[in-house]
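# Descriptive structure summary
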Amino acid sequence: MPNFYVLTVSWQSSRVYPPLVEGVLGMYSDWIRLTDSSWIAYSDHSAQDIGKHVQGALNGQHFFLVRADVDQLWGLAPAWVWTWLYQRRGGAKPGTLPPPQNPVPVLALGKG
């Protein structure tokens with residue numbers, strides 16, 4: 001059964017170059033990039049298998065790879081991120097709220 005993984009890279013000794021990571025992730029998973037240094041991957045491979053290949057490509061850059069539980073989702077992200085996650089996780093669970101589409105800033109609620 002496929003798992004979700006979150007990967008972050010600390011670009012310490014070289015310039016930021018996401019295609020390097022994406023080339024490796026593309027061989028072992030379906031993935032999306034959230035920032036220049038973070039990705040979510042969906043794969044049948046273990047964290048160790050993916051991590052070994054990422055480590056080889058990064059040539060000493062620090063990185064962190066962890067399996068993610070996507071039954072608990074929360075945050076503000078573009079709609080395409082939520083769509084990607086929900087499609088791979090099998091759709092929204094009954095009784096769960098859809099992701100927020102247009103969050104309202106607290107100040108706009110008249111608090112204060």
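The preceding data block contains the structure.
The notes below deal with the structure included here. This one's a predicted model, so the numbers in the text were calculated from it and none came from an experiment.

### With respect to unusual backbone geometry
- You will see that Asn59, though not glycine, has its phi angle at about 50°, which is positive.
- Topologically, Asn59 is positioned in the loop between α2 (47-58) and β4 (62-68).

### Some details on the nonpolar core
- By size, the foremost hydrophobic cluster in this structure holds 13 residues, and its most contacted members are Leu7, Val9, Val21, Leu25, Trp39 and Val54.
- Of all the elements in the fold, those that place two or more residues in this core are β1 (3-10), α1 (18-28), β3 (38-43) and α2.
- Beyond its immediate chain neighbours, meaning those up to four positions away, Leu25 contacts Leu7, Trp31, Trp39, Ala41, Ile50 and Val54.
- By size, the runner-up hydrophobic cluster in this structure holds 8 residues, among which are Phe4, Ile32, Val70 and Leu85.

### Topic: the sheet that holds β1
- Taken in spatial order, the 4 strands line up as β2-β3-β1-β4 in an open sheet, and their pairing is antiparallel. Strands at the two margins of the open sheet, each flanked by one partner only, are β2 (30-35) and β4. Going across the sheet, the axis of each strand differs from the next one's by a mean of 20°, ignoring polarity.
- As paired strands, β1 and β3 are joined by 6 bridges and run antiparallel to one another. Along β3, the bridge assignment pairs Val6 with Ile40.
- Against the sheet, α2 makes contact with β1, β3 and β4, and its axis sits at roughly 160° relative to β4, the strand it touches most.
- Packed on one face of the sheet, helix α3 (residues 79-89) meets β1, β2 and β3 and runs near 150° to β2.

### A short note on the packing of aromatic side chains
- For the coordinates displayed, the defined rule picks out 3 aromatic pairs.
- Between Phe4 and Trp84, the ring centres sit 6.1 Å apart and the planes meet at 75°, which makes this aromatic pair edge-to-face. A residue pair is termed long-range when its members are at least 10 positions apart, and Phe4 in strand β1 and Trp84 in helix α3 qualify at 80 residues.
- You can call Trp84 buried: its relative accessible area is 7%.
- Geometrically, the ring pair formed by Trp82 and Tyr86 is stacked, given 6.3 Å between the ring centres and 25° between the ring planes. Pair noted here: Trp82 and Tyr86 are both in helix α3, with a separation of 4 residues, about one helical turn. Across the pair, Tyr86 and Trp82 agree in class, each one buried.
- Among the aromatic residues, those joined into a cluster by ring pairs are Phe4, Tyr42 and Trp84.

Conventions we followed
Residues numbered from 1 in each chain as written. Predicted model: local features only at pLDDT ≥ 70, side-chain atom pairs only at ≥ 80, totals over all residues. Heavy atoms only, no water. Helix = DSSP H or I, 4+ residues; strand = E, 2+ residues; numbered from the N terminus. Core = buried A, V, L, I, M, F, W, Y, C linked by side-chain atoms within 4.5 Å. Buried < 20%, exposed > 50% of the residue type's maximum accessible area, 1.4 Å probe, protein only. Contact = heavy atoms within 4.5 Å. Pairing = 2+ DSSP bridges. Axes fitted to C-alpha atoms, helices over the stretch in contact; angles between N-to-C directions. Phe/Tyr/Trp six-rings, centres within 6.5 Å; stacked < 30°, edge-to-face > 60°.

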